[in-house]
Amino acid sequence: MREFNAILKNEIIKTIKRPRSFIGFVVVAFVCIVLQAAMHSDGGEMIGFVTSSLENTLSIKGKVMNGNLICFILLQTLIIQMPLLVALVTGDLVSGEISTGTVRFLLTRPASRTKIIVAKWIAGIIYTLLLLIWLGVIALFLSRAIFGADDLIYISSEALTVIPADDLNWRFGGAFVIAFLSLSVVASLAHFLSTILENSITPIVSTMAIVIIFTIIGMFDLPSFDVIRPFLFTTHMISWKDMFEDPVNMAGILKSCAILFVHILLLLGGSIYIFNKKDISA
Amino acid sequence: MLSCSVSGLFAQDGKALIKEINKKFAQVNDYKADVAMKFDLPGIKIKPMRGRVYYKRPDKFRIRAKGIFFLPKDNPMRNIQTLLAKTSSYTSLISGYETIDGKKCAVVNIIPLDPNLELVIGKFWISVKDPLIYMSEITTKENGTLRTRSYYGAYAKMGLPDKIMIQLEMKKFKIPKMLAADIKKSSTKSKGPQKNTGEIYLLLSDYKINTKLKNEVFTGK
């Protein structure tokens, strides 16, 4: 166990210290701050566009443009981009070492290949978690500090729902947990492809290509796609939004979480199997 | 000849009832009260909430509550008193009598003299004995018809209701598809026709009347 911890510590330090790991944190901060500034100046206009059909007969009282709404908008915007940031780091964890040849030094250690690949996977998951915590700090807490906290207006295809401010923390908490599971699938996929492929760019591009293809299939409301849609992880990646439905469809959320979890297990299992069988001679 | 004299008598009675209502309203320069709000609006889900209501003559009105809520654009709790007070700006006539909550009510129609006004017609169900507005129906050019149903209790002497139901005509709330958060959901089958009227219920309690409310209450956060 001590040996595994040492490998894990080493992998975490290697992952965090790489320059490309900081790109994700910078991009998240940049996008959040730019959007917050834009919302500060033009947010009222955007809200007016959404509520214009209501305001013929109703007058909306209270602070619609507030930190909770900004956080929701930021999550909605960034969850689409986050897989790229995650894949950028996790897609290179194994293939990067294979292409540079450093993997051979790694395998000279007494630890088993399984321990090495699992340590790399955990390092990727910790990076994903840190990125999400960073997003949470900037999107939720900074937005609340700038715009204040008030009720959230959640717009779905069926209704406009006003969620009270004191009913939001657990929903945001749940949304971040689901987002973490979703991004962990992306990290696991990139890690899996990184184990198969020996080039450091291809797993990153392949991961993004898979995410994009699955998202497009999920978006088209065609009967032929209905059969496969429930099995695509991208279908369940946006389940975090269900935390804001009233009432919350817990059964649906748990089902999505279970499917995401199964994806993670299968991809990790696949990585372990392939890495153990891999002929590393380069 | 007979119909003219009858309508003249009704018109006379309408003004007399409104005069009595205005007398009651005149006793109230300002008030504040606790309010519990409940909403039944098509296409909108919002939980009941509590707040505080403030009014000051002639037309200052505000509900302060923690959070986001909805009120009719033409708020009858502010507009009715102002409308009825300007007796020279409309003609009134009684179109019949109806019984509401066991009280005989005259149906008083208010027609503005100036055709350019936003108000098209106002209809008030006023109890004949101890005049109070039990129901109203105000039709405006822009916002359609707004109905109210008032229930009175301890503050009836001043014309202040304990409960008021405001019913308003609502156009279907169109949610832009690109803005809907649940775009992954496949097209859901319609759950029958959406109703085109919404109701807002206000339960008022603990009135504090004529406390010389400051104007600042109606402005700012």
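Remember, it's a predicted structure, so these values are computed and weren't measured experimentally.

About the cut-offs
- Residues numbered from 1 in each chain as written.
- Chains lettered and ligands numbered in written order.
- Predicted model: local features only at pLDDT ≥ 70, side-chain atom pairs only at ≥ 80, totals over all residues.
- Heavy atoms only, no water.
- Helix = DSSP H or I, 4+ residues; strand = E, 2+ residues; numbered from the N terminus.
- Rg over C-alpha atoms; globule rule 2.2 N^0.38 Å.
- Buried < 20%, exposed > 50% of the residue type's maximum accessible area, 1.4 Å probe, protein only.
- Contact = heavy atoms within 4.5 Å.
- Lys, Arg positive; Asp, Glu negative; His and termini not counted.
- Charge placed at Lys NZ, Arg CZ, Asp CG, Glu CD.
- Bend = angle between axes of the 7 residues up to and from the residue.
- Polar contact = N/O pair within 3.5 Å; in protein donor to acceptor, adjacent residues only side chain to side chain.
- Axes fitted to C-alpha atoms, helices over the stretch in contact; angles between N-to-C directions.
- Parallel < 35°, antiparallel > 145°, perpendicular 65-115°, else oblique.
- Left-handed = near helix turned anticlockwise from the far one by under 90°.

Novice: Can you explain the overall build of chain A? Please cite residues and give values.
Specialist: When helices and strands are counted, chain A shows 11 helices and three strands. Ordered by position in the sequence, the α and β elements of chain A form the string α-α-β-α-α-α-α-β-β-α-α-α-α-α. Relative to the globule expectation of 19 Å for 282 residues, the C-alpha radius of gyration of chain A, 21 Å, shows essentially globular dimensions. Structurally, chain A occupies a C-alpha span of about 75 × 45 × 30 Å along its principal axes. Across the 282 residues that make up chain A, the buried fraction comes to 53%. Long-range contacts, defined here as pairs at least 24 residues apart, represent 80% of the contacts in chain A between residues at least 6 apart. Both charge centroids of chain A, one from 20 positive and one from 19 negative side chains, sit 16 Å from each other.

Novice: Pulling in residues and values, what's your account of helix 3 (residues 67-90) of chain A?
Specialist: Residue and element names in this part refer to chain A. Its maximal kink placed at I79, helix 3 deviates by approximately 40 degrees, while the proline P83 follows within four residues. Counting buried residues along helix 3, 18 of its 24 residues qualify, which places the element largely inside the surrounding structure. The backbone nitrogen of N68 lies 2.9 Å from a side-chain oxygen of the residue at the head of helix 3, namely N66.

Novice: Help me get a handle on the packing of helix 7 (residues 169-196) of chain A against helix 11 (residues 250-277) of chain A, residues and values and all.
Specialist: All names here are of chain A. Look at helix 7 against helix 11: their axes get within 9 Å of each other, and the N-to-C directions meet at 25 degrees. With respect to helix 11, the axis of helix 7 lies roughly parallel. Taken as a pair, helix 7 and helix 11 cross one another with a handedness that is left-handed. Contacts between helix 7 and helix 11 involve W170, I178, L181, S182, S184, V185, S188, L189, H191, F192, T195 and I196 from the former and M250, I253, C257, L260, F261, H263, I264, L267, G270, S271, I274 and F275 from the latter.

Novice: Run through the environment of I110(B), naming residues and quoting values.
Specialist: Residue and element names in this part refer to chain B. Residue position: I110 is located in strand 7 (residues 103-112). With relative accessibility at 0%, the residue I110 sits in the buried group. As a C-alpha pair, I110 and I63 span 47 residues in sequence and 28 Å in three-dimensional space. With residues near it in sequence (within four places) discarded, I110 still touches I18, L84, Y90, T91, S92, I121, G122 and F124.

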